[in-house]
Amino acid sequence: MASRQSEAVREAYRAWTAELHDPDTTRREPRETDDHWGDLTAEPRGVDYIETDAGGVSAMWAAPKGSDPDRVLLCLHGGGFVGGSLYTHRKLFGHLAKATGVRALIATYRHTPEYPYPAQLEDATAAYRWLLGQGVAAHRIAVVGDSSGGGLAVSAMLHARATGTPTAAALLLISPWVDMEVGGASYETNKGTDAYFQRELVRQLADMFLGGAGPREPLASPLHADLAGLPPVFIQAGGDETLLDDSRSLEKRARDAGVEVRLDVFAEQQHTFQMAAGRAPEADDAIARFADWVRPRLGLTGGDH
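My aim in this report is to walk through the structure given alongside it, one point at a time. Throughout this document, residue positions are counted from 1 along each chain, in the order its sequence is written. Since the coordinates come from a predicted model, pLDDT governs what is reported: local features require at least 70, and pairs of side-chain atoms require 80 or more to be given and counted, while whole-chain, interface and lining totals use all residues. Only hydrogens and water are set aside when side-chain values are computed; all heavy atoms of the structure are taken into account.

Quick look at the environment of T193
The condition that has to hold: Runs of E in the DSSP output that reach at least two residues are strands. Runs of H or I that reach at least four are helices, and both are numbered from the N terminus. Residue contacts are defined here by distance: any two heavy atoms, one from each residue, within 4.5 Å place the two residues in contact. As used in this structure description, the phrase polar contact means that two N or O atoms lie within 3.5 Å; if the pair is within protein, one of them must be able to donate a hydrogen and the other to accept it, and residues adjacent in sequence are counted only when both atoms belong to side chains.
Its location among the elements puts T193 in the loop between α5 (186-189) and α6 (199-210). Considering only alpha carbons, one finds T193 and R248, 55 residues apart in sequence, at a separation of 17 Å. Those residues in contact with T193 that sit more than four places away from it in its chain are R10, D240 and Q270. A distance of 2.9 Å separates a polar side-chain atom of T193 from the backbone oxygen of D240.

This is the structure in structure tokens:
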């Protein structure tokens, strides 16, 4: 049974759904300052945050006390490509950085509808190349992303592979959105349990992101890409979310392509339930699993091989 604390994520999504149907749009906070998604996450404590410029991309370092300075998590936030920010996600990625014992570089990207694909891929790629240019070796970087940021993390590594850029040591994906055709059967089977991400809404977000590109364009919709050569992948998803089949399909396609891949589905949990880190036991368990798995892949002692 889902914990009481994790139900806060479901309640937040229900509030978003009510807002979508509220005809009084003046009640909505401007996108630029709407960082309340981050209210779900407890402050990790012992983490310093320093804003920086990462190759022309706005970014933020999350540096836990005593963290390894030579390993980095490159973190790409979610938000349907239309929202999300360094500030909505700094605490979530701070928890993951602290559990792993490394620094995190949280990078943002241009939003839709003003900037459709490939602007987001360009920004993610710029941040990754900037890290490499700072002397951080690719085998000491793990790329992390949730929802739209999860799909973007995959696309960034596909782009690196295609351009001869060294790929990172690992991918950590939280409820990755990877299918711009919005075709998963879980949109129907989980329609009654997902509190926000119904197929019509996700299709609208996909249309804004694509901006005329095809929904099977491999770097926009990485479920339809050749995944061979990707680094090891760990995917986490909620059992109640409509995007569950994105994770299932990505896991199968990656495995079929010879990629080392793991998928953990957390029963009764919503899309990106890890946002309740520091409050909900399910979120803390998920963060700990990520950290244990990725530490040895970054050359750190301890963790689950």
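Overview of helix α1 (residues 7-20)
Test applied: An expected span of 1.5 Å times one less than the residue number is assigned to each helix. Only protein chains enter the accessibility calculation, which uses a 1.4 Å probe; a residue is then buried when its area is under 20% of its type maximum, exposed when over 50%, and partly exposed in between. The arc in question is the one spanned by the directions pointing from the helix axis to the C-beta atoms.
Helix length check: α1 (14 residues) gives 20 Å between terminal C-alpha atoms against 20 Å at 1.5 Å per residue, within 8%. Considered for burial, the residues of α1 that qualify are V9, R10, A12 and Y13. An end-on view of α1 places all buried positions within 160° of arc, on one side of the element.

Considerations on the side chain of T242
Relative to the helices and strands, T242 is located in the loop between β7 (233-238) and α7 (244-256). The class of T242 is buried, set by a relative accessible area of 0%. Setting aside anything within four residues of it in sequence, one finds T242 in contact with S186, Y187, N190, K191, D194, F197 and Q198.

Observations regarding the environment of E181
Structurally, E181 can be placed in the loop between β6 (170-174) and α5. Under the relative-accessibility criterion, E181 is labelled partly exposed at 34%. Within polar-contact distance, the side chain of E181 engages the side chain of H224 at 3.5 Å.

Examining the layout of surface pockets
Rule in force here: A pocket, in this scheme, is an open set of points on a 1 Å grid over the protein atoms alone with protein on both sides within 12 Å along at least 5 of 7 lines, while a cavity is a set where a 1.4 Å probe fits but cannot get out; residues line either one if an atom lies within 4 Å of a point. Grid points are joined across faces, edges and corners, and a volume is the space filled by probe spheres set on the points. Just so you know the grouping, Ala, Val, Leu, Ile, Met, Phe, Trp, Tyr, Cys and Pro go in nonpolar, Asp, Glu, Lys and Arg go in charged, and all remaining residues, Gly too, go in polar.
Considered as a void within the structure, the second largest pocket measures approximately 180 Å³ in volume. Every residue along the wall of the second largest pocket is listed here: T17, L20, H21, D194, A195, Y196, Q198, E200, L201 and Q204. With three residues, α6 is the largest single contributor of residues to the lining of the second largest pocket. Within the lining of the second largest pocket, the residues separate by chemical class into four nonpolar, four polar and two charged.

Some details on empty space enclosed by the protein
Applying the stated criterion to the full structure yields two cavities of 30 Å³ or more. Each pocket or cavity is described by its volume, and for the largest cavity that value is around 60 Å³. In terms of lining, the largest cavity is formed by F81, Y117, L121, G151, L152, S155, W177, M180, F209, L219, A220 and P222. The class makeup of the residues in the lining of the largest cavity is ten nonpolar, two polar and no charged.

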